[in-house]
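Summary of structural features
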Amino acid sequence: MSAKTGIPRRHFLVGSVATAGVAALGGLSPFRFAIGNTAPVKVGILLPYSGTYAMLGESITNGLKMRIGQAGGKLGGRGVEYIALDSEMSVPKAPTNTNKLIKKEKVDFLVGPVHSGIAAAMAKIIGPRGTPLMLVPNAGNNDITGSLCAPNIFRTSFSNWQPAFPGGKVMADDGHKRCVTISWKYRAGIQMMAAGRENFEAHGGEVIKDIQVPFPNVEFQAYLSEIAAIKPDAVFSFFSGGGAVKFVKDYAAAGLKANIPLYGPGFLTEGVAEAQGAAAEGIKTTLHYAADLGNEANRRFRAEYQRAFGKPANVFSVQGYDTGSLMVRSMEAVAGDAGATRDLIAFLEGVEVADSPRGAWKMSRAHNPIQDIYLRQVQNGQHRVLGVVAEDLEDPAEGCSMG
Ligand code: BEZ
């Protein structure tokens, strides 16, 4: 039994870190902020509001604004001005969009993105400048808290490795030996499939075919015919948003669901299980959140989100909410001085989020959440937690020399 969540620990726990307290405010320098500066804090947002990831962008924005709204709509006593751009999931447009927010709008915080490729393009601009603070509320690109890690870049979501790695052992433990992986062909899909494969093969499985679908294509028929011909024991997959709805429905319609179980990081069904309907029933996934987590923070968060937006919360809104929490708390710590970059960084490096709907987590040396990963299953259209498959899982942060 996990002392933290009260959820039964599966026998395949991965990794463990001590939960020693962290001196969040130790060593902060005296504030330089001119008392009386009431100008709003500028929050730049670069998220998808169109296309296959539109639901993700909207959910993150809702969660972020809800948390700042709970703090009276203020950061460190100052009002907030949001400047949101639609990323259109375009990597080529990412440098222009980023520069628009940091050079033209001169934002104090930059929140985004969803897409791993855009995250790398943004980090290559933001990291070397040292300012502003970039808070990544989704994009899992391992490199952001690996080879591209930087003092002013923090992630509040996950690395692509984190939810995928435990999934490989879940498939092996379910008795599967031969598996096909299928995902979109870009950093997120490639890194998640590699992580799942690593752990599946470490536990006696074999990936016999890796299928990569150009992003954001949703024409799956030819790939599904190929899977039917190969007849693997299981399929491990990454899709999200609109693409996940289409893939899971097409998979069932192709007659594969009954004989070849589908697994993957939880994005496959998260926020879309209702739209997938019967096609999603029984799918097991691994993720750092599940709707039915019994902690009080989650219950309150879900009720308030439903009231505010008329729809259920999901992992993306949790990530937005926790991003808002970090902004509220760090700006309180510097009494509203958004220019106190060193002090904001010092605060965030020591931060522990005890009241997250996902369960308590803390920041790693590479600025990525150290968090529990849950095994979930869609049952009667809802995600049910089957257990904790990795407690306090920390990304390996390959290539990051911080900390
Ligand atoms: C990514 O591109 O990093 C990503 C997109 C959607 C869900 C999860 C990860």
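Think of each chain on its own: its residues are numbered from 1, step by step along the sequence as written. With the structure being a predicted model, the display of local features is reserved for residues of pLDDT at least 70 and the display and counting of side-chain atom pairs for 80 or more, all residues being used for whole-chain, interface and lining totals. Hydrogens and water are ignored here; the side-chain numbers use all heavy atoms of the structure.

**Details of the sheet that holds strand β2 (residues 80–86)**
Our working rule: Strand pairing is defined by DSSP finding a minimum of two bridges between the two strands. Where helices and strands are cited, they refer to DSSP runs of H or I of at least four residues and of E of at least two residues respectively, numbered from the N terminus. Axis definition: a line fitted to C-alpha atoms, over the contacting stretch in the case of helices. Angles run 0 to 180 degrees between N-to-C directions. What makes two residues a contact is simply this: any of their non-hydrogen atoms within 4.5 Å.
Strand order in this open sheet of 5 strands is β2-β1-β3-β4-β5, and the pairing throughout is parallel. On the outer flanks of this sheet lie β2 and β5 (153–155), each paired with one strand and no other. Geometrically, the sheet is characterised by an average inter-axis angle of 20° between neighbouring strands, direction not taken into account. Bridging between strand β1 (residues 41–47) and β2 involves 7 bridges; their strand directions are parallel. Each residue of the ladder has a partner; that of Lys42, found in β2, is Glu81. Where helix α10 (residues 315–333) meets the sheet, it contacts β1, β3 (109–111) and β4 (133–136), and its direction lies at approximately 170° from that of β3.

**Describing unusual backbone geometry**
Here the bond from Gly112 into Pro113 is cis, since omega is -5°, no more than 30 degrees from zero. Looking along the chain, the bond that leaves Phe215 and enters Pro216 is cis, with omega of 0°. Phi at Lys231 takes a positive value of approximately 55°, unusual for a residue other than glycine. Along the chain, Lys231 falls in the loop between α6 (221–230) and β8 (234–238).

**Focus on the pairing of β1**
Cut-off, in case you're wondering: Here's how the labels work: a residue is buried when its accessible area is under 20% of the maximum for its type, exposed when over 50%, partly exposed in between, all with a 1.4 Å probe on protein chains only. A crossover counts as right-handed when, viewed with the strands pointing away from the observer, the path leading from the first strand over the helix to the second turns clockwise.
Among the 7 residues in β1, 6 count as buried, and that is most of the element. A crossover connection joins β1 to the parallel β2 through helix α1 (residues 54–70); in handedness this β-α-β unit is right-handed. Summarising the sheet, β1 and β3 pair through 3 bridges and their orientation is parallel. Looking across to β3, one finds that Gly44 is bridged to Leu110.

**With respect to the packing of α1 against α10**
To keep things clear, this is the line we draw: Helix crossings are classified by the rotation of the near helix relative to the far one: an anticlockwise turn of less than a right angle makes the crossing left-handed, while a clockwise turn makes it right-handed.
Look at α1 against α10: their axes get within 7 Å of each other, and the N-to-C directions meet at 35°. For the crossing formed where α1 meets α10, the hand is right-handed. Between α1 and α10, the contacting residues are Met55, Leu56, Ser59, Ile60, Gly63, Leu64, Met66, Arg67, Ile68 and Gln70 on the first element and Phe316, Ser317, Gly320, Tyr321, Thr323, Gly324, Ser325, Met327 and Val328 on the second.

**What to know about the pairing of strand β7 (residues 206–213)**
Pairing between strand β6 (residues 178–184) and β7: 7 bridges, direction parallel. Of the residues in β7, the one forming a bridge with Thr181 is Asp210. You can see the chain leave β6, run along helix α5 (residues 187–202) and come back into β7, and the turn it takes is right-handed.

**Concerning the pattern of salt bridges**
Note the following rule: Salt bridge, as applied in this entry: a Lys or Arg side-chain nitrogen positioned within 4 Å of an Asp or Glu carboxyl oxygen.
In total, this model carries 15 salt bridges according to the counting rule given. As a salt-bridge pair, Glu58 and Lys311 come within 2.8 Å of each other at their nearest N and O atoms. Remark: Lys311 occurs in the loop between α9 (296–309) and α10 and Glu58 occurs in helix α1; sequence separation between them is 253 residues. We classify Lys311 as partly exposed; its relative accessible area is 36%. Close ionic contact of Glu88 with Lys93 constitutes a salt bridge, the shortest N to O distance being 2.9 Å. Glu88 sits in the partly exposed class, given a relative accessible area of 40%. Sharing partners across several salt bridges, the network here consists of Lys42, Lys104 and Glu105.

**Concerning the site of the ligand**
As a reminder of what qualifies: Nearness here has a simple test: a residue counts as near a molecule or strand if at least one of its heavy atoms is within 4 Å of that partner. Pairing of N or O atoms within 3.5 Å defines a polar contact, subject to two protein rules: one partner must be a possible hydrogen donor and the other a possible acceptor, and residues neighboring in sequence count only if both atoms are side-chain atoms. In these tables, accessible area is a Shrake-Rupley quantity obtained with a 1.4 Å probe, and a residue counts as shielded only by the protein chains included in the view. Put simply, Ala, Val, Leu, Ile, Met, Phe, Trp, Tyr, Cys and Pro go in the nonpolar bin, Asp, Glu, Lys and Arg in the charged bin, and everything else, Gly too, in the polar bin.
Near the ligand lie 16 residues; those nearest to it are Val114, His115, Ser116, Gly140 and Tyr186. With respect to the ligand, the backbone of Val114 contributes an N or O atom lying 3.3 Å from an oxygen atom. Interatomic distance of 2.5 Å between a side-chain N/O atom of Tyr186 and an oxygen atom of the ligand. Contact with the protein chains covers 100% of the free accessible surface of the ligand, which is 260 Å². Taken together, the residues that form the shell around the ligand break down as 10 nonpolar, 6 polar and no charged.

**Let's talk about the packing of aromatic side chains**
Our working definition: Pairing of aromatic rings covers Phe, Tyr and Trp, the last counted by its six-membered ring, and requires centre-to-centre distances within 6.5 Å; plane angles under 30 degrees mean stacked, over 60 mean edge-to-face, and any other angle means tilted.
According to the stated counting rule, one finds 17 aromatic pairs in the structure shown. Ring centres of Phe239 and Phe247 lie 4.7 Å apart, and the angle between their planes is 35°; on these two criteria the pair is classed as tilted. Given the relative accessible area of 0%, Phe239 is considered buried. Of the residues examined, Phe247 reaches a relative accessible area of 0% and is grouped as buried. Aromatic rings pair up to connect Tyr53, Phe158, Trp184, Tyr186, Phe215, Phe220, Phe238, Phe239, Phe247, Tyr251, Phe267 and Phe316 into one cluster.

**Concerning the state of the cysteines**
Short version of the rule: Here, two cysteine sulfur atoms that lie within 2.5 Å of each other are counted as a disulfide.
By the definition in use, this model includes 1 disulfide. Between the sulfur of Cys149 and that of Cys400 lies a disulfide, 2.2 Å long from S to S. Handedness of the Cys149-Cys400 disulfide follows from its S-S torsion of about 90°: it is right-handed. With a gap of 251 residues between them, Cys149 in the loop between β4 and β5 and Cys400 in the segment after β14 (382–393) connect regions that are remote in the sequence.

**Notes on helix α11 (residues 341–349)**
When we look at burial in α11, the residues that qualify are Thr341, Asp343, Leu344, Ile345, Phe347 and Leu348. Elements in contact with the buried residues of α11: β3, β4, β5, α10 and β12 (361–363).

**Regarding the packing of α1 against α9**
For any two helices packed against each other, one specifies the crossing angle of their axes together with the interaxial distance. Counted only if it meets this: Oblique is the label for every angle not falling under 35 degrees (roughly parallel), over 145 degrees (roughly antiparallel), or within 65 to 115 degrees (roughly perpendicular).
The interhelical angle for the contact between α1 and α9, taken along N-to-C directions, is 105°, at an axis separation of 11 Å. It follows from the interaxial angle that α1 and α9 lie roughly perpendicular. Along the contact surface, α1 presents Ser59, Asn62, Gly63, Met66 and Gln70, while α9 presents Phe301, Glu304, Tyr305 and Phe309. Considering only residue class, the contact of α1 with α9 consists of 4 nonpolar, 4 polar and 1 charged.

**Digging into the side chain of Gln377**
Take Gln377: it is sitting in strand β13 (residues 369–379). Contacts of Gln377, omitting those with residues within four sequence positions, involve Gly282, Ile283, Lys284, Gln382, His383, Arg384 and Leu386.

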